[in-house]
Amino acid sequence: MCESPYSALRYRVAEGIAHIVLDRPPLNLIDEVLTREYHHALQQAEADPDCRVIILSGSGKGLSGGLDIKFVEAFEQEEMEKFLRLFYVDTLAICRSLSKPLITMVQGYAREGACTLAFAGDLIIAADNADFGYPAVPNLAGPPGMHVWFLQRLIGRMKAAELIYTGEPISALDASSMGLITKTVPAASLEAETLSMAAKIAAMSPLAIKRTRKLLFKMEDMAFSEVPDVALKALSEAFSSEDSKEARLAFREKRPPNWRNK
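Residues numbered from 1 in each chain as written. Predicted model: local features only at pLDDT ≥ 70, side-chain atom pairs only at ≥ 80, totals over all residues. Heavy atoms only, no water.

S.K.: Looking at this structure, I do not really get unusual backbone geometry. What am I missing?
M.R.: A cis amide bond links Pro 25 with the next residue in sequence, Pro 26, at an omega value of 5°. In this structure, Pro 26 sits in the loop between β3 (17-22) and α1 (32-47). The phi dihedral of Asn 28 is positive, around 55°, even though this residue is not glycine. Tracing the backbone through its elements, the reader meets Asn 28 in the loop between β3 and α1. Unusually for a residue other than glycine, Glu 112 sits at a positive phi of about 45°. (Helix = DSSP H or I, 4+ residues; strand = E, 2+ residues; numbered from the N terminus.)

Rendered as C-alpha cells:
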C-alpha cells in the first residue's frame, strides 16, 4: 500500500485499487485546489502499474456539497469561465483518457459538481441514504453546466428538466430505478459492495478493460452506421493479444487466467 499527501483529499493504493477520498470538511466543497489535486491523483493512479481500478468517495456525510460558493462569489464571466474550463473540460478529458475504470461511491449527498465528478467515471454505487441534486438554477441563477448533457442522455429530457429547473434532490433509489446510477445498496454495506465490484473488475485482463473502456466512450455518440465496422475491428484485434489467448485457454482448462499484459 502506498500513500501520498494532499490538502483537500486523501489518496492510497491497496490491493490493486486506488482510493481517492475528497476530504475538505465539512462538505468537501469544490474549488480550484481540490480540482487540481483530484486531477493529480487521477494521473498518479493512471501511471501506477499496481493500480487497476480507481474508487472516488467523500469523507464525512457525503461525496460533496458541490461548488464552493464563497470561492466563486466575486467571480465575473471571465474568472468563472477559467475555473469551469479547469473543472469541466480538463476533468472530463482526464477521466476519459484513463485506461482504468473509475467507480464513484456515494453516501449521503452529492450536489452539482459532485455529480459531475461521479458521471465522469464509469460506475456509481450509492447507499440507500444517498441523494443527488443539481441546484444551479436556484443557487447560481444559471444552468447546471454538464448536467444538461449528462441527465438528458441518462434519463431523458422531461425528467432532466424537472431536476434541473427545480433543483430538488432525487433519492438514490429513484436514481437507480431511472438508470441514472449503477446500483443502490444498504448504507451499512456500501464500502463492501463497492470494493467487491472493484475487485471483480481488477481481476479482469487490464488490456481488455483498457480497450473496452476506450470503446465505450468512442461509441457513446457514434452514428450507428459506423458501429459494426468499429466493433468488428475491436473484437478481432483483441484475439491476437496474449491475454485473449490466455482467457480462452483458461476457460477450456477451467482455471483462473494468468494475465500477461499487466
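S.K.: So what exactly am I meant to see when it comes to the pattern of salt bridges here?
M.R.: When the charged atoms of two side chains lie near each other, side chains of opposite charge can form a pair. Within this structure, the stated rule accounts for 15 salt bridges. Glu 220 is paired through a salt bridge with Arg 96; the nearest N and O atoms lie 2.6 Å apart. You can see Glu 220 sitting in the loop between α10 (206-219) and α11 (227-238) and its partner Arg 96 sitting in helix α3 (residues 77-97), a full 124 residues away along the chain. You can call Glu 220 partly exposed: its relative accessible area is 38%. A residue is classified by how much of its surface remains accessible, and Arg 96, at 35% relative accessible area, is partly exposed. Of the charged contacts, one joins Glu 193 and Lys 183 as a salt bridge, the two residues approaching to 3.7 Å between their closest N and O atoms. Of this pair, Glu 193 sits in helix α9 (residues 190-202) while Lys 183 sits in strand β11 (residues 183-185), and the two are 10 residues apart along the sequence. What makes Glu 193 partly exposed here is its relative accessible area of 31%. (Salt bridge = Lys/Arg side-chain N within 4 Å of Asp/Glu carboxyl O. Buried < 20%, exposed > 50% of the residue type's maximum accessible area, 1.4 Å probe, protein only.)

S.K.: What exactly am I supposed to notice about the pairing of strand β4 (residues 53-58) here?
M.R.: Consecutive side chains along a regular strand alternate between the two faces of the sheet. Across the six residues of β4, six count as buried, placing the element largely inside the fold. Side-chain alternation along β4 places Val 53, Ile 55 and Ser 57 on one buried face and Ile 54, Leu 56 and Gly 58 on a second face that is also buried. For β3 and β4, the ladder comprises six bridges, and the chain directions are parallel. From the neighbouring strand, Leu 22 faces β4, where its bridge partner is Gly 58. Crossover connection from β3 via α1 to parallel β4: handedness right-handed. (Pairing = 2+ DSSP bridges. Right-handed = clockwise from strand over helix to strand, strands pointing away.)

S.K.: Would you mind going over the sheet that holds strand β7 (residues 109-111) with me for this structure?
M.R.: Hydrogen bonds between backbone atoms are what pair the strands of a sheet, whose relative direction is either parallel or antiparallel. The strand order across the open sheet built from four strands is β5-β7-β9-β10, with neighbouring strands paired in mixed fashion. Two strands lie at the open edges of the sheet, namely β5 (62-64) and β10 (170-171), each paired on one side alone. Alignment of strand β9 (residues 131-133) against β10, held across two bridges, turns out to be antiparallel. Its bridge partner lying in β10, Phe 132 is registered against Ile 170.

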